[in-house]
Amino acid sequence: EDQVTQSPEALRLQEGESSSLNCSYTVSGLRGLFWYRQDPGKGPEFLFTLYSAGEEKEKERLKATLTKKESFLHITAPKPEDSATYLCAVKENTGFQKLVFGTGTRLLVSP
Amino acid sequence: DGGITQSPKYLFRKEGQNVTLSCEQNLNHDAMYWYRQDPGQGLRLIYYSQIVNDFQKGDIAEGYSVSREKKESFPLTVTSAQKNPTAFYLCASSIGHTGYQPQHFGDGTRLSIL
């Protein structure tokens, strides 16, 4: 069965302290890996799609990378407004092609 | 602005009652989805629809029903057969179901039991 595992479950950073979030996955063939940001009481907000190993995408302080087994979301010099839960989801390249979500990483950035 | 609107934001259900959650999108997307989010779990797919007048069960469809009579609307009914309905419900849409297009989400409805 397809699995998506995110680590750590929670991460507390000081403002300006860079770090990375991990998303490891097992699928038969990857159709795409998606990163979302979710604020409390809100729906997930789409950030990035990664299609193939070696690909990188950037948006402001966020940079997503992809290997054959995992993806990293690097946060450079975070600010308090980056505090949120970050969700990873993968789509398999066969059959139903549903999105399989991880349980997320809760990020708290303190001033 | 284009987007997905879910209503109501909060909903309370009595025992034996059916309740309907609304989802409307003006993105002109063909595919629409309903997910359930519980603490400590990933989003789980309830139903999805690739086109008007067609929909398919997801992983946890028991106790739920949907309709897709219009492209922009995909309401979800939580029936009395759903014994544990308390959760955060999310509606999403995408240009198509297959392919690389991301799903975009509404801001959810939180359902609680009275």
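So, a few notes on the structure that sits alongside this text. Computed from a predicted model, the values in this text were never measured in an experiment.

## Considering the interface of chain B and chain A
Accessible area lost upon the coming together of the parts is a frequently used measure of interface size.
Then, number 1: If you look at the interface, chain B gives 23 residues, while chain A gives 20 residues.
Then, number 2: The contact between chain B and chain A buries some 1,800 Å² in all, and 55% of this surface belongs to carbon and sulfur atoms.
Then, number 3: Looking only at chain B, the three residues that lose the most surface to chain A are B:H97, B:Y100 and B:F105, adding up to 28% of its buried area.
Then, number 4: Its salt-bridge partner being B:D107, residue A:K42 comes within 3.9 Å of it at the nearest N-O pair.
Then, number 5: At the boundary of chain B with chain A, the tally comes to 5 residue pairs in polar contact (both at pLDDT 80 or more).
Then, number 6: Elements with a minimum of two residues in the side of chain B that touches chain A: β4 (31–37), β5 (44–51), β9 (87–94) and β10 (104–105) of chain B.

## A closer look at the packing of aromatic side chains
Residue and element names in this part refer to chain A.
Then, number 1: All chains considered together, the criterion is met by 11 aromatic pairs over all chains.
Then, number 2: Judged by centre distance (5.9 Å) and plane angle (70 degrees), the rings of Y36 and F46 are edge-to-face. Of this pair, Y36 sits in strand β4 (residues 30–38) while F46 sits in strand β5 (residues 45–50), placing them 10 residues apart in sequence.
Then, number 3: The class for Y36 is buried, based on a relative accessible area of 0%.

## Some remarks on the sheet that holds strand β3 (residues 19–26) of chain A
To summarise the sheet geometry, strands pair through backbone hydrogen bonds and adopt either a parallel or an antiparallel arrangement.
Residues and elements named next belong to chain A.
Then, number 1: The strand order across the open sheet formed by 5 strands is β1-β3-β8-β7-β6, and the pairing between neighbours is antiparallel. The sheet is open, and its two borders are formed by β1 (3–7) and β6 (56–59), each paired with just one other strand. The average undirected angle you get between the axes of adjacent strands in this sheet is 15 degrees.
Then, number 2: The sheet contact formed by β6 and strand β7 (residues 62–66) spans 4 bridges and is antiparallel. Along β7, the bridge assignment pairs K57 with A64.

## Re the state of the cysteines
Residue and element names in this part refer to chain B.
Then, number 1: Taken as a whole, this structure holds 2 disulfides over all chains when the rule is applied.
Then, number 2: The side chain of C23 participates in a disulfide bridge whose partner is C91; the two sulfur atoms lie 1.9 Å from each other. Taking the torsion about the sulfur-sulfur bond, which here is approximately -70 degrees, the covalent link between C23 and C91 counts as left-handed. On the criterion of sequence distance, the pair formed by C23 in strand β3 (residues 19–25) and C91 in strand β9 is long-range, its members being 68 residues apart. The pair C23 / C91 is uniform in exposure class, with both members buried.

## Re the sheet that holds strand β1 (residues 4–7) of chain B
Residues and elements named next belong to chain B.
Then, number 1: An order of β1-β3-β8-β7 is seen for the 4 strands of this open sheet, with the pairing classed as antiparallel. Two strands in the sheet have a free side with no partner beyond their single neighbour: β1 and β7 (64–66). Across this sheet, the average inter-strand angle for adjacent strands is 20 degrees, counted without regard to direction.
Then, number 2: Note: β7 against strand β8 (residues 76–78), 3 bridges, orientation antiparallel. Within β8, the residue paired with S65 across the bridge is T77.

Definitions and cut-offs
Residues numbered from 1 in each chain as written. Chains lettered and ligands numbered in written order. Predicted model: local features only at pLDDT ≥ 70, side-chain atom pairs only at ≥ 80, totals over all residues. Heavy atoms only, no water. Contact = heavy atoms within 4.5 Å. Buried area = accessible area lost by both parts, 1.4 Å probe. Salt bridge = Lys/Arg side-chain N within 4 Å of Asp/Glu carboxyl O. Polar contact = N/O pair within 3.5 Å; in protein donor to acceptor, adjacent residues only side chain to side chain. Helix = DSSP H or I, 4+ residues; strand = E, 2+ residues; numbered from the N terminus. Phe/Tyr/Trp six-rings, centres within 6.5 Å; stacked < 30°, edge-to-face > 60°. Buried < 20%, exposed > 50% of the residue type's maximum accessible area, 1.4 Å probe, protein only. Pairing = 2+ DSSP bridges. Axes fitted to C-alpha atoms, helices over the stretch in contact; angles between N-to-C directions. Disulfide = S-S within 2.5 Å.

All quantities given are derived from atomic positions and should not be read as evidence of function.
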